[in-house]
Amino acid sequence: MTPAWRHLPRALRLETSSPWTPKTCPSLSLGAFWRSVTKLGLHTKPRMPPCDFTPERYQSMPYSRVLEVYREHLSPELVYFPEPLLLHQGHMQWLFDHEGNRYLDFFSGIVTVSVGHCHPKVNAVAQKQLGRLWHTSALFFHPPIHEYAEKLSALLPDPLKVIFLVNSGSEANDLAMLMARAHSKNTDIISFRGAYHGCSPYTIGLSNVGQFKMTLPGAVGCQSTMCPDVFRGPWGGSHCRDSPVQTIRKCSCAPGPTGGEGGTWFLCWLLSADCCHAEDQYIEQFKDTLSTCVGKSIAGFFAEPIQGVNGFVQYPKGFLKEAFQLVRERGGVCIADEVQTGFGRLGSHFWGFQTHGVLPDIVTMAKGIGNGFPMAAVVTTPEIAKSLAKCVLHFNTFGGNPMACAIGSAVLEVIKEEKLQENSQEVGTYLLLKLAKLQDEFEIIGDVRGKGLMIGIEMVKDKTSRQPLPREEVSQIHEDCRQMGLIVGRGGLFSQTFRIAPSLCITKPEADFAVDVFRAAVTQHMERRAK
C-alpha cells in the first residue's frame, strides 16, 4: 500500500530537489485525503533542510518488476520497511528513491558510507583509477597499493604496522581468527554475547546474535561471555560509560570524566576507571568464562569497541583494559573489531580501541574504510604476521586491488582535509545531547547512548521494567521516520534499538531535523497507543 503522504500536494510534501514530478498513485477523494492528513499529523511534520543537488530521472526497472526479481531470484535477506525503498541515487548525506523523494540518510548503508555518498573527490579518484588499471593481484606491484599501506600504517600506533588487505569485514575477522590461532597455538576464542563479527563459516561462531546463529554445528572453539551492557545487563549505573549521556540507572560509583582532549583526558580516564562497581562485576563474569568455558590457554578475545548490531552498546570504563590483561595472561591475543567504529566515527579518537586506553594485537577494519567500496584490512604486529606465515601462505586475489586502494587513500584524505573526525565529535555530541532530552518526554525511550556519530536509542515498554518495546511497535516508529524523510537503522537482540550512524559530513541543521522527525514519530505512536 502506498503511504498516504505521497498523495499530498507538492507544497505540503517533504521538499525534494527532483526536476520531475514523481509518479503518483490513484487520487484520493477529498474526505479520504484530509483523513490521511489528520492521521499522519501534518502539523508535526518537520521541514527538511535544503539540498543543492538535483538527481537524474529514474529510467530503470519499474518498482513492480524489481519486487518480482527480488522474490524469484535474490536471496531472502533482511529488507527494511513494509514497502521496501527502491533507491536511485545518492549525494553526500542524501538519498533519492525512484520517485524522486529525498531522504536524510542516518544509517549510511549500515555504518559504511563514511564521507558521504558519491563524494566528489572520492568519485574523481575512482574514475581516474578506473581508466588506468582495475586489477593486478598481489603478485605484482602498483603504486596505489603501497601508497595506501603507508597512509594507513601512519594512523596506527606501534607495533601495529603489518597490513593484510581483504574485501569485507567477515574476511578480515576470518583472517584475524587464523592469526590468533597460528600465533598462540591455541584454539579457543572468546567474544561477547550480542557481538557481530561476520557471517562466514568461521566468524558465525563469534557472532552471538540469535538471528545469525545456525541450528547446525558451526565454528569450533568459539565461546561467548556476558556482554557488559550497563543499561540492559544486571549491573550498571549513571557513571559507567565513556559518553556525554549515561543510563537512567543509579549507582554509588564516583563520577568520572566523559570528555576532554589528549593526555589530560586519558589520565583522568585512568584515574576514574577503578570507580565503577559494574565494571568489577562484569570482570568477575569474564573471569568465570575463563575458568569454566575454555582451556588453560586460549587463542584470543574479539571485541567491538562499541557493539554494532546489538544496538551500539557501550561497556563500563576500564573493562576492556582489564579484560585484555586477563586474556594475555592466558596466552591469547586481543583483537579490536573496528569495522563499525573506526575512521573517526567516534569523534574523540580515530580508532575505537583508543577510547578504551588499550592497545590490541590485531585490528580489523572494513565498511567506512572504502566509503562503500568493497574493502577491508587486518593490521597486526610483525611478530604475529611471522607466526601466520609459518603456518600458511596467505593470499587474496582481490584484496588490495588498485581500485580499492586508490579509493581508500581518497577516503583518508577527505577525513583529514574536511576535518570529519572533528565534525563527528562536534555534531555527534550535539545530536546525542538533543536526543537524550527526549528520554524525559517519552516513557518508551529507555536509553540514549553513544559517542560521536554512533548513537543508539533503545525503546522500552517502560523505564522501570526496561522490557523491550514490541518489535511491531518499533517498526511503526521506524516507518513513520521514513515517511517523514529520515532513514535510521535497527539493532538489538529484539530489534528494539534505533541505530543512528550517518556519514561524518552531516551538519547541525540536519541533526535538528532528525531529532524533530524522531520526536514526531514517537508522538504519533503514543497517539496511536492512546486511541
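Per chain, residue numbering runs from 1 following the sequence as it is written. Per-residue local features are limited, in this predicted model, to residues with pLDDT of at least 70; the limit for side-chain atom pairs, both in listing and counting, is 80 or more; totals at the level of whole chains, interfaces and linings are taken over all residues. Note: side-chain values were computed over all heavy atoms of the structure, leaving out hydrogens and water.

### Brief notes about the overall build of the protein
Each helix and strand counted, the protein has 14 helices and 15 strands in total. Sorting the 531 residues of the protein into buried and exposed places 57% on the buried side. Surface accessibility in these figures is a Shrake-Rupley result with a 1.4 Å probe; residues are shielded only by whichever protein chains are displayed. For the protein, the accessible area works out to roughly 22,700 Å², and carbon and sulfur atoms hold 57% of it. Each helix corresponds to a stretch of at least 4 residues labelled H or I by DSSP, and each strand to a stretch of at least 2 residues labelled E; elements are numbered beginning at the N terminus. To sort residues, take the accessible area from a 1.4 Å probe on protein chains only and compare it with the maximum for the residue type: under 20% means buried, over 50% means exposed, and anything in between is partly exposed.

### A word on the sheet that holds strand 9 (residues 362-365)
One open sheet accounts for seven strands, arranged 4-10-9-8-7-5-6; its pairing is mixed. Taken across any chain shown, the strands that pair with only one partner, and hence form the sheet edges, are strand 4 (162-166) and strand 6 (222-225). Between one strand and the next, the sheet's axes are offset by a mean angle of 20 degrees, whatever the strand orientation. Strands were regarded as paired on the criterion that DSSP finds at least two bridges between them. Comment: axis = line fitted to C-alpha atoms, over the contacting stretch for helices; angle = value between 0 and 180 degrees taken between N-to-C directions.

### Quick look at the packing of aromatic side chains
What counts as a ring pair is set by centres within 6.5 Å for rings of Phe, Tyr and Trp (its six-membered ring), and what kind of pair is set by the plane angle: stacked under 30 degrees, edge-to-face over 60, tilted for all other angles. Scanning the entire structure with this criterion turns up 14 aromatic pairs. When the ring of Trp235 is compared with that of Tyr282, the centres are 5.1 Å apart and the planes differ by 80 degrees; the resulting orientation is edge-to-face. Here Trp235 is found in the loop between strand 6 and helix 7 (262-272), whereas its partner Tyr282 is found in helix 8 (residues 277-292), with 47 residues between them in sequence. Relative to Phe324, the ring of Phe301 has its centre 6.1 Å away and its plane inclined at 90 degrees; by these criteria the two rings are edge-to-face. Note that Phe301 is positioned in strand 7 (residues 300-303) and Phe324 in helix 9 (residues 319-329), a separation of 23 residues in sequence.

### Remarks on helix 13 (residues 471-483)
The α-helix advances 3.6 residues per turn, and as a result positions three or four apart in sequence lie on the same side. Expected span of a helix: the number of residues minus one, times 1.5 Å. Between the first and last C-alpha of helix 13 there are 18 Å, a value that for 13 residues agrees with the 18 Å anticipated at 1.5 Å per step. Among the residues making up helix 13, those that are buried are Glu473, Val474, Ile477, His478, Glu479, Asp480, Cys481, Arg482 and Gln483. Directly beyond the C-terminal end of helix 13, a positive phi value near 95 degrees is found at Gly485.

### Notes on helix 14 (residues 508-530)
When the terminal C-alpha atoms of helix 14 are compared, their 33 Å separation across 23 residues agrees well with the 33 Å that a helix rising 1.5 Å per residue should span. What helix 14 keeps buried is the set Glu510, Ala511, Phe513, Ala514, Val515, Val517, Phe518, Ala520, Ala521, Val522, Gln524 and His525.

### Some points on unusual backbone geometry
In this structure, Pro159 follows Asp158 across a cis peptide bond, with omega equal to 0 degrees. Relative to the assigned elements, Pro159 resides in the loop between helix 5 (143-153) and strand 4. A positive phi angle, close to 45 degrees, is found at Ser108, a residue other than glycine. Topologically, Ser108 is positioned in helix 3 (residues 108-111). Located in the positive-phi region is Ile110, a residue other than glycine, with phi close to 60 degrees. Tracing the sequence through the fold places Ile110 in helix 3. By relative accessible area, which is 42% here, Ile110 ends up partly exposed.

### A look at the packing of helix 4 (residues 120-130) against helix 11 (residues 402-417)
Where helix 4 contacts helix 11, the axes come no closer than 9 Å and their chain directions differ by 155 degrees. Between helix 4 and helix 11, the crossing angle belongs to the class labelled roughly antiparallel. When you trace helix 4 past helix 11, the crossing you get is right-handed. In this structure, helix 4 contributes Lys121, Val122, Val125, Ala126, Gln129 and Leu130 to the contact, and helix 11 contributes Pro402, Met403, Ala406, Ile407, Ala410, Val411, Glu413, Val414 and Glu417. Every angle not falling under 35 degrees, over 145, or within 65 to 115 is termed oblique; those three ranges are roughly parallel, roughly antiparallel and roughly perpendicular. The crossing is said to be left-handed when, going from far helix to near helix, the turn is anticlockwise and less than a right angle, and right-handed when the turn is clockwise. Residue contacts are defined here by distance: any two heavy atoms, one from each residue, within 4.5 Å place the two residues in contact.

### Some words on the sheet that holds strand 15 (residues 497-500)
Reading across from one edge, 11-12-15-14 is the order of the four strands in this open sheet, with antiparallel pairing throughout. The sheet is open, and its two edges are formed by strand 11 (445-451) and strand 14 (489-491), each paired on a single side. Strand after strand, the sheet turns through a mean of 25 degrees between neighbouring axes, direction not considered. Bridging between strand 11 and strand 12 (residues 454-459) involves six bridges; their strand directions are antiparallel. Each bridged residue has a counterpart across the sheet, and for Gly450 the counterpart in strand 12 is Ile455.

### Overview of the side chain of Arg249
Along the chain, Arg249 falls in the loop between strand 6 and helix 7. Here Arg249 sits buried without a salt bridge, and the closest side chain of opposite charge, Asp229, lies 6.4 Å off (N-O distance). Whenever two N or O atoms come within 3.5 Å, that pair is a polar contact, provided that in protein one can donate a hydrogen and the other can accept it, and provided that, for residues adjacent in sequence, both atoms are side-chain atoms. A distance of 3.1 Å separates a polar side-chain atom of Arg249 from the backbone oxygen of Pro234. Contact partners of Arg249, with chain neighbours within four places excluded, come to Asp229, Val230, Phe231, Arg232, Gly233, Pro234, Trp235, Gly236, Gly237, Ser238 and Arg466. In this tally, Lys and Arg are treated as positive and Asp and Glu as negative; His is ignored, and so are the chain termini. Salt bridge, as used here, is a side-chain nitrogen of Lys or Arg placed within 4 Å of a carboxyl oxygen of Asp or Glu.

### Concerning a nonpolar patch on the surface
Surface patches are defined over residues having more than 30% relative accessible area and no salt bridge, joining like charges when they lie within 9 Å and nonpolar side chains (Val, Leu, Ile, Met, Phe, Trp, Tyr) when within 5 Å. Taken together, the side chains of Leu139, Phe140 and Phe395 present a nonpolar region at the surface, about 350 Å² in accessible area. Residue position: Phe395 is located in the loop between helix 10 (382-391) and helix 11. Classification of Phe395 as partly exposed rests on a relative accessible area of 44%.

### With respect to the pattern of salt bridges
Counted according to the given criterion, the structure contains 19 salt bridges. Note that Lys151 and Glu413 form a salt bridge whose closest N and O atoms lie 2.6 Å from each other. With Lys151 in helix 5 and Glu413 in helix 11, this residue pair connects regions lying 262 residues apart in the sequence. Between Lys434 and Asp512 there is a salt bridge; the shortest N-O distance is 2.9 Å. Placement of the pair is Lys434 in helix 12 (residues 420-441) and Asp512 in helix 14, with a sequence separation of 78 residues. For Lys434, a relative accessible area of 26% puts it in the partly exposed group. One connected set of salt bridges, linked through shared partners, spans Arg232, Arg241, Asp447, Arg449 and Glu458.

### Some points on the nonpolar core
Judged by nonpolar contacts, the single largest core of 100 residues is most densely connected at Phe301, Phe343, Met365, Met459 and Phe518. Marked domain ranges trace back to an automatic or database domain assignment. Counting contributing residues per domain, this core is built from domain 1 (63-72 + 79-118 + 420-530) and domain 2 (121-249 + 273-418), each supplying no fewer than three. Among residues more than four places away in sequence, those in contact with Met365 are Leu152, Leu156, Ala172, Glu338, Val339, Phe343, Trp351, Ala376, Ala377 and Val379. Here the nonpolar core consists of buried residues drawn from Ala, Val, Leu, Ile, Met, Phe, Trp, Tyr and Cys, with membership extended through side-chain atoms lying within 4.5 Å.

### Structural notes on the environment of Glu473
Here Glu473 shows up in helix 13. For Glu473, a relative accessible area of 16% translates into the label buried. Separated by 56 residues in the primary sequence, Glu473 and Arg529 have C-alpha atoms spaced 9.5 Å apart. With residues up to four places along the chain from it excluded, the contact list for Glu473 reads His525 and Arg529.

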